[in-house]
Structures are given as C-alpha cells and as structure tokens.
Amino acid sequence: MARMACSHLLPSMAIPVKSSFFNGFSVATNPVVLFKRRFSVAKISMSLRAGIVGLPNVGKSTLFNAVVENGKAQAANFPFCTIEPNVGIVAVPDTRLHVLSDLSKSKRAVPASIEFVDIAGLVKGASQGEGLGNKFLSHIREVDSILQVVRCFEDNDIVHVSGKVEPKTDIDVINLELVFSDLDQIEKRMEKLKKGRAKDSQAKVKEEAEKSALEKIQQALLDGKPARSVSLSEFEKDAIRQLCLLTMKPVIYVANVAESEVAEPENNPHVKEVIEEASKLNSGVVTISAQVESELSELPLEERMEYLKSLGVNESGLGNLIRETYGLLGLRTYFTSGEKETKAWTILTGMTAPQAAGVIHSDFEKGFIRAETVAYDDFVSAGSFGAAREKGLDSRTSEPIAEAVFVELSIICPSGCLISKCFGISKKSFQK
Ligand SMILES: Nc1ncnc2c1ncn2[C@@H]1O[C@H](COP(=O)(O)OP(=O)(O)OP(=O)(O)O)[C@@H](O)[C@H]1O
Ligand SMILES: [Mg+2]
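All figures in this text were calculated on a predicted structure; none of them were measured in a lab.

Moving on: the overall build of the protein chain. The secondary structure content of the protein chain amounts to 16 helices and 13 strands. Put simply, the protein chain has 432 residues, and 42% of those count as buried. In the protein chain, the share of contacts with a sequence separation of at least 24, taken over all contacts with a separation of at least 6, comes to 71%.

Put into structure tokens, the structure is as follows:
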C-alpha cells in the first residue's frame, strides 16, 4: 500500500480536445459535452480502489471477505481486529458481457474489475493519533472512493465502541475525523504556500489557484461540510489534487443490517437514519447484511439460492454494492468482443474514443484513426457488428493521426456505456 492512488483516476492538465473526435457519439455520451478535458491514459489504473471504512467492529472485514470471495481478512468480535489493510480485486457483474460473449461465440468472457481495501476501524480522536488514527487515515488517503460501513444491526454480543447502535452519531464521528485530518493538511499546506516558492508565472498562477481553493475548502470544513461539496473550477481542482483530501472522495454508506432484516430493511429505524444522513451529505446508500453475504460466500453455489429464499430474498446484495461502487468512481465499461474473447474494459466517464482505445494499448491512442459506433441494443437486435453495420445502425468518427497505423474500433453506446469491438488490430501492425 505504498503508492499514492488518490489522483490516478483524474486528468493532470486541462487540454481542450477537438470536437471532430466525437462526431459518432450521441450527445448524452459525447465526451466533449460531459468533460472538456483530455485524460492521460497512462494515469488510468485498471484496478481502482474503494476503501471500506467505519468504526471498529461494525462489520468491515466481514463485508470485505464476502465481496472478495476467498478474502482472508480476519473478522472477529473485538475492536481493532484489523490493523494492516487487506486488499482484494473483484469482478464487476455485468449481464451484457455474457450477452455479447454468446453472440460472438467467444471462448472466454473477462469482466471489469475493482479493488477493495479493508481498512482498520477509526475512532474519535483518530486525527489526533487515537487508536493508531494517523496511520489508518493515511490508508484512506490512498483510495479513490469510500464505502462507510454503518452498524444497523442490534446484537448485545457484538461490542459497539460507544455502547449503543446510533448511526447518525457513528457517521458524524467518522466524518469529523476526516474533516479534522483535512483541516490539518490544509493548514500545513497553506503555511508552505505563504512562503511563495513559485519559480515562474505559470507556477505562480497555479499557486494562487491552490490558495483560493484551499481557503474555500477550509471554510466549508469549518462549517462541517466535506471538501467535495465546494464548487471549484477545473483548474482549482487540479491545483489541490496532490493533497488527496479525504473529504473530497465520494462516499457510499453501507447500512449493515441483521440477517432477519434482509428482506425488509426499510423497517429498521437505523437504516432510515442512515438514508436521511446520506441524503443530507449527497451520498448513496446500499443496505446489506455483511454477515449474510459472508455466510453465502462460503456456501456451495447450489445451496446459496436456498439460503437466500429462506431469508425472503432472491439475490445477494453484493452485485448491487459492486455496481454502485463502480458507478461512484465515475467508471464506465466498454467491451471488445470476438471469437477469442469478450472483454470489459474500464474507462472514465468523459474519455474520448482515442483514449478509450488507448486503455487496450497506448499505441491504439497514438495511432487512432477511426471508431465506429453503434448502440448496444442495436448490436444485440442485429446479432453482430457486421449485421448492425449492414442495417446502417453504425456511425463513424475519424481523426487520422498516423498514416501507417490502422486501428478500427466499433464503439457501441447503450444507455451511458460504451461498448466496442476491435478487429484487425494486432501488436505487430504497430511494430512495422
Ligand atoms: N450484519 C451483521 N449481523 C451480525 N453480526 C455481524 C454483522 N456484520 C458483522 N457482524 C459481526 O461483527 C463482528 C465484527 O466484524 P468485523 O471483524 O468484520 O468488524 P470490523 O469492522 O472489521 O472490525 P475492526 O475495525 O476491529 O477490524 C464479527 O463478529 C462479525 O461476525
Ligand atoms: Mg476488520
């Protein structure tokens, strides 16, 4: 966990892109409309990180073990059971992968992935070093988004660090520690900026932007609001990115309910409280029973359905949690599909067609010539890319870059997602 990952999702500089790249995209998915910036594909990591955060003993490791099948995090009924973070990679469930794989008669289907990190419990005073707080906070700094587990189950046998189950208070304790930690970071950074070490006028402009952003964020934090609630210009966001502020990270609240509440969690007043708090904080909520999910993951496949039915539900909550997390990270999927394999690739919302191609191989971005686009539904109804093209359902976008290199991508845009089929591309063609 040595690397700093908080900014690898995001572009480094704002460079306007040519709109001619996107002629084939619908307005809803037109990257120019959504995000007038050029991303550096080299900065995109294929496994983006979601940190599981919360008070001690609320079910973080139990959830981690369920999400990461065969996860080996120690989960037990005592606070601070976890000290070092546990890391695991999981597949993002997507039924379209299998539809495409069947249509293309692919030999294998490869899903998109996401990295989950089980972090030690935080307590009141963590930002002052309580309970190894500073070390744990630095682990949170390294993730791209936060899943805050909130205990909503009553069980006198499971120790609650503050003695009772009280979601609002628990959420406040965690958020306050994140706020204190950010305030501390900002104060230190502002001290440095006062010395004004900018070497040239460009660096000076950046320093000014950083100062102005930090002042705005500091005020919001003092008012008890997270950094992500502050509206900043793209330039200001860029200027403060390297600080990896904790309250800048998007959050999903995970309401951890008892086994008996899985079918009707809305009847649990603690869940209502989490939903209320999350909506005030503009964050999402996923209700799940970490205990149930963990037990499910240990059962043979054929017994899982029986167990779920006995609880009055038809499916596990994990798929939903993973999909929500993926969406929260601003990620989208496009697919390459052929006889060899159908594969889901992860891109950021707003990436351009050449950049999306560059996720497969950087040469695909450098040598990008053309992308063909067709809607996912059209692909499925036509049965193949060729058939969709014959019916005139495809469209093209082209930007000749390197005459010697030929790349042809078919990018399909269903509701908000890009899908592509590559053909005629081999590494060899780039080596010529
Ligand atoms: N939904 C649930 N219902 C009942 N018990 C649960 C539920 N979720 C977790 N538990 C129990 O709570 C206890 C603590 O779980 P776990 O070790 O996962 O917590 P943690 O948040 O990782 O703690 P720490 O911060 O100490 O690492 C375990 O005994 C686990 O079985
Ligand atoms: Mg733990």
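Even without being glycine, Lys 105 reaches a positive phi, approximately 50°. If you trace the backbone, Lys 105 turns up in the loop between α3 (95–103) and β3 (108–110). Phi angles above zero are rare outside glycine, and Asn 282 is one such case at about 55°. With respect to the helices and strands, Asn 282 occurs in the loop between α8 (269–280) and β7 (284–288).

Further remarks concern the sheet that holds strand β5 (residues 145–151). In any sheet, the strands associate via hydrogen bonds between backbone groups, in a parallel or an antiparallel arrangement. With mixed pairing, 6 strands are arranged side by side in an open sheet as β2-β4-β1-β5-β6-β7. Across the chains shown, the open sheet's two edge strands, defined by having one partner strand only, are β2 (86–91) and β7. Adjacent strand axes in the sheet meet at a mean angle of 25°, parallel and antiparallel pairs treated alike. Two strands pair when backbone bridges link them, and strand β6 (residues 251–256) and β7 are joined in this way by 5 bridges, in the parallel orientation. Bridging from a neighbouring strand, Val 254 pairs with Val 286 of β7. Those strands touched by helix α2 (residues 60–67) are β1 (49–53), β2, β4 (113–118), β5 and β6, and its axis lies near 155° from that of β4.

Below, the discussion takes up the nonpolar core. Core analysis: the biggest nonpolar cluster contains 82 residues, and Ile 52, Val 67, Phe 116, Val 150 and Val 254 have the highest contact counts within it. Composition of this core by domain shows at least three residues from each of domain 1 (19–43 + 331–431) and domain 2 (49–82 + 119–187 + 244–328).

A few words on the sheet that holds strand β8 (residues 331–337). Here 3 strands make up an open sheet; going across it, the order is β3-β9-β8 and the pairing mixed. The sheet terminates laterally at β3 and β8, the two strands that pair on one side only. Strand-to-strand, the axes of this sheet are offset by a mean angle of 20°, without reference to chain direction. Its contacts with the sheet place helix α12 (residues 353–360) against β8 and β9 (341–348), and it is angled at close to 125° to β9.

With that settled, the discussion passes to the environment of Lys 340. Within the secondary structure, Lys 340 is located in the loop between β8 and β9. Sequence-distant contacts of Lys 340, that is, excluding residues within four places in its chain, are made with Ser 106 and Lys 107.

Let us look at helix α6 (residues 201–222). The end-to-end C-alpha distance of α6 is 32 Å, a good match for the 32 Å that 22 residues give at a rise of 1.5 Å each. Glu 210, Ala 213, Leu 214, Ile 217 and Leu 221 are the residues of α6 that are buried. With its buried residues spanning 105° around the axis, α6 presents them on a single face. The exposed set on the far side of α6, more than 90 degrees from its buried face, consists of Ser 201, Glu 215, Gln 219 and Leu 222. On its buried side, α6 packs onto α5 (167–194) and α7 (234–240). Positive backbone phi, at 80°, marks Gly 224, one or two positions downstream of α6.

The next point concerns the pairing of β8. Among the 7 residues in β8, 7 count as buried, and that is most of the element. By the alternation rule, side chains of β8 split into Leu 331, Thr 333, Phe 335 and Ser 337 and Arg 332, Tyr 334 and Thr 336, which are all buried. Linking β8 to β9, which pair antiparallel, is a turn of 3 residues.

Attention now goes to the UniProt feature "binding site: ATP" (unreviewed entry) in the protein chain. Taken from the UniProt record, the annotation "binding site: ATP" (unreviewed entry) applies to Asn 57, Val 58, Gly 59, Lys 60, Ser 61, Thr 62 and Val 257. With respect to the secondary-structure elements, Val 58 resides in the loop between β1 and α2. When the 28 C-beta atoms within 10 Å are taken as the criterion, Val 58 is described as buried. Among all residues touching Val 58, those that are not within four sequence positions of it are Val 149, Val 150, Arg 151 and Asn 256. By secondary structure assignment, the location of Val 257 is in the loop between β6 and α8. Other than its neighbours up to four places away in sequence, Val 257 contacts Cys 152, Phe 153, Val 262, Pro 265, Asn 268, Val 271, Thr 287 and Ser 289.

Now for helix α10 (residues 301–310). With 0 of its 10 residues buried, α10 lies for the most part at the surface. Note on α10: the residue one or two positions beyond its end, Gly 312, has a positive phi of about 85°.

A word on the environment of Glu 187. Its place among the elements puts Glu 187 in helix α5. Once the C-alpha coordinates of Glu 187 and Gln 218 are considered, the two residues, 31 residues apart in sequence, prove to be 8.5 Å apart.

Considering every residue of the protein chain, the mean pLDDT works out to 75; 73% of them sit at 70 or more. Note that pLDDT drops below 50 for residues 7–45; the model gives that stretch 75 contacts with residues more than four away or on any other chain. For this predicted complex, the interface confidence score (ipTM) comes to 0.99, while the overall pTM stands at 0.77.

What counts as what
Residues numbered from 1 in each chain as written. Chains lettered and ligands numbered in written order. Predicted model: local features only at pLDDT ≥ 70, side-chain atom pairs only at ≥ 80, totals over all residues. Helix = DSSP H or I, 4+ residues; strand = E, 2+ residues; numbered from the N terminus. Buried ≥ 20, exposed ≤ 12 C-beta atoms within 10 Å, placed from the backbone. Contact = placed C-beta atoms within 7 Å. Pairing = 2+ DSSP bridges. Axes fitted to C-alpha atoms, helices over the stretch in contact; angles between N-to-C directions. Core = buried A, V, L, I, M, F, W, Y, C linked by C-beta atoms within 7 Å. Domains from an automatic or database assignment. Expected span 1.5 Å × (residues − 1). Arc of directions from axis to C-beta. UniProt positions renumbered as here; feature names shortened; annotations may be inferred. pLDDT = per-residue confidence, 0-100.

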